[in-house]
Amino acid sequence: MAAYRLFGAETSPYSLKVRSALRYKGAAFEWVSRSVSNEAEFRKSAATPTVPLLLSPDHAPAQDSTLILAALNAAHPEPEAVPEEPACAALALILEDYGDEWLNKCMFQQRWGQQPDRDAAALRVLIQLNDGKRPRAFKAPAKQIASRMLARLSLVGAEPENAATLESSYRRFALRLNTHLQNHLFIFGGRPSAADFAIAAQLQQMLTDPTPATWLKDRAPFVTAWCEHMQDPKASGPFQPLDELAATLLPIFEGEVARTYLPWAFANAASASRDKKRFSVTFEDGVFEQATQSYAARAFAAVRAEVAARMGDPALPAFLDAAGARAYFA
């Protein structure tokens, strides 16, 4: 009998993030694709209307993918998913939040902000909700889904005014990650961390959408292969020390993470602390403006606390200094 039940959706990156972690840990679980037939059961345990929802006999229902991964690591220490070096452990948490809070914007914009991606995604969502079957009368409900998600672009900061920034951001990141993965099976060596689970889940979604999929398969083949491997990852060796990773890991932070996500997360946190409705941050390619996101602010505060706790490892401040990111963790 499965120890866990995971309500999720193939169209939900956070569902795939948790499913991949459960598979890696070798935990027995039942995947429940959320649909009209199990909606009542889902709502009995869900605190929010979104997946994932993880049920277990020993813990309260959980829906926050970051907290779920931390709990899985505590309950199932092997195989390891947290790098031994404090510096690498901190960097993995930064990248996890990058995937969850910034790369998700890129994915959302690519999927719902343009055609033909929006219509294709709407139909996939409709089929999933209809227990894997396409309804006979599918055009009208699919159009309703597309319209509803189009209206949500501004809520996540993926409105048309930010589209060019988000597109160039994910492409810049994917190219640097592709270079890194040419010599490393996972981001921190021979086994996955929270960074792999979070980032792969967003890129796996992009690989189901026509426009970004075409670009990723053409320009980032190692990323594409890694995304496939991350569906059911297996450890093949230990985590590597930072000095063996830095040559290609540093450009990811310096050229993208410290260029977009960190200034955005810092500005969003400041806006949330002042109870402001909207905020803006200036990047090299222009001004990025959106509604303040309270959850993202809390998540970034948690990351900053975790990073601060590991600053005793001299490799961490040195790496952040080299990446131009130290100021965001002062």
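**Brief notes about the overall build of the protein**
Stage number 1. Helix and strand counts for the protein come out as 14 helices and five strands.
Stage number 2. Here the protein has a C-alpha radius of gyration of 19 Å; the compact-globule value for 330 residues is 20 Å, and the two agree.
Stage number 3. Taking the principal axes of the C-alpha coordinates as reference, the protein spans close to 60 × 50 × 45 Å.
Stage number 4. Counting every position in the protein, which comprises 330 residues, the buried fraction comes to 53%.
Stage number 5. As presented, the protein carries roughly 14500 Å² of accessible surface, and 55% of it is formed by carbon and sulfur atoms.
Stage number 6. One way to put it: in the protein the 35 positive side-chain charges average out to a point 9 Å from where the 36 negative ones average out.

**What about the pattern of salt bridges?**
Stage number 1. According to the stated counting rule, one finds 17 salt bridges in the structure shown.
Stage number 2. For arginine 111, the salt bridge is made with aspartate 209, and the minimal N-O distance between the two is 2.9 Å. Of this pair, arginine 111 sits in helix H4 (residues 86-112) while aspartate 209 sits in the loop between helix H9 (194-206) and helix H10 (210-219), and the two are 98 residues apart along the sequence. Here arginine 111 and aspartate 209 have matching classes, each one buried.
Stage number 3. The salt bridge involving glutamate 256 is made with arginine 172; its shortest N-O contact spans 2.9 Å. Placement of the pair is glutamate 256 in helix H12 (residues 242-273) and arginine 172 in helix H8 (residues 163-181), with a sequence separation of 84 residues. The pair formed by glutamate 256 and arginine 172 is uniform in burial state, with each residue classed as buried.
Stage number 4. Members of the salt-bridge network, linked through shared partners, are Arg5, Glu30 and Glu41.

**Quick look at the packing of H4 against H8**
Stage number 1. It is the contact of H4 with H8, at a shortest axis distance of 9 Å, that shows an interaxial angle of 120 degrees. The angle between H4 and H8 falls in the class oblique. Crossing hand, H4 versus H8: left-handed. Across from Tyr98, Trp102, Leu103, Lys105, Cys106, Gln109 and Gln110 in H4, the residues of H8 making contact are Ala163, Leu166, Glu167, Ser169, Tyr170 and Phe173.
Stage number 2. For the contact of H4 with H8, a count of residues per class yields eight nonpolar, three polar and two charged.

**Some details on the nonpolar core**
Stage number 1. One finds Phe188, Trp226 and Leu249 to be the most contacted residues of the largest nonpolar core, which totals 91 residues.
Stage number 2. Counting residues per element, this core draws most heavily on H4, which supplies 14 residues.
Stage number 3. Once you skip the residues sitting within four places of it in the chain, phenylalanine 188 turns out to touch Pro83, Cys88, Leu91, Ala92, Leu95, Ser193, Ala195, Phe239, Gln240, Leu245 and Leu249.
Stage number 4. Counting residues in hydrophobic clusters, the runner-up holds seven residues, among them Phe7, Phe42, Val51 and Leu53.

**Focus: the pairing of strand E5 (residues 286-291)**
Stage number 1. Looking at chain direction, strand E4 (residues 278-283) and E5 are connected through six bridges and run antiparallel. Across the sheet, phenylalanine 283 pairs through a bridge with glycine 286, a residue of E5.
Stage number 2. If you look at the hairpin formed by E4 and E5, you'll find two residues sitting between the two strands.

**Remarks on the sheet that holds strand E2 (residues 29-33)**
By way of backbone hydrogen bonds, the strands of a sheet pair with one another, either parallel or antiparallel.
Stage number 1. The strand order across the open sheet built from three strands is E2-E1-E3, with neighbouring strands paired in mixed fashion. Both edges of this open sheet fall to E2 and strand E3 (53-55), since each of them pairs with a single strand only. Each strand axis lies, on average, 20 degrees off the axis of its neighbour in the sheet, ignoring direction.
Stage number 2. Bridge count for strand E1 (residues 4-8) against E3 is three bridges, and the pairing is antiparallel. From the neighbouring strand, leucine 6 faces E3, where its bridge partner is leucine 54.

**Focus on the environment of glutamate 244**
Stage number 1. Positionally, glutamate 244 belongs in helix H12.
Stage number 2. For the pair glutamate 244 and glycine 189, spaced 55 residues apart in sequence, the C-alpha to C-alpha distance is 8.9 Å.

**Concerning the environment of proline 160**
Stage number 1. Note on placement: proline 160 falls in the loop between helix H7 (153-156) and H8.
Stage number 2. Residue classification places proline 160 among the exposed positions, given a relative accessible area of 64%.
Stage number 3. Once the C-alpha coordinates of proline 160 and alanine 330 are considered, the two residues, 170 residues apart in sequence, prove to be 33 Å apart.

Reading guide: rules and limits
Residues numbered from 1 in each chain as written. Predicted model: local features only at pLDDT ≥ 70, side-chain atom pairs only at ≥ 80, totals over all residues. Heavy atoms only, no water. Helix = DSSP H or I, 4+ residues; strand = E, 2+ residues; numbered from the N terminus. Rg over C-alpha atoms; globule rule 2.2 N^0.38 Å. Buried < 20%, exposed > 50% of the residue type's maximum accessible area, 1.4 Å probe, protein only. Areas by Shrake-Rupley, 256 points an atom, 1.4 Å probe, with all protein chains shown as cover. Lys, Arg positive; Asp, Glu negative; His and termini not counted. Charge placed at Lys NZ, Arg CZ, Asp CG, Glu CD. Salt bridge = Lys/Arg side-chain N within 4 Å of Asp/Glu carboxyl O. Axes fitted to C-alpha atoms, helices over the stretch in contact; angles between N-to-C directions. Parallel < 35°, antiparallel > 145°, perpendicular 65-115°, else oblique. Left-handed = near helix turned anticlockwise from the far one by under 90°. Contact = heavy atoms within 4.5 Å. Nonpolar A, V, L, I, M, F, W, Y, C, P; charged D, E, K, R; others polar. Core = buried A, V, L, I, M, F, W, Y, C linked by side-chain atoms within 4.5 Å. Pairing = 2+ DSSP bridges.

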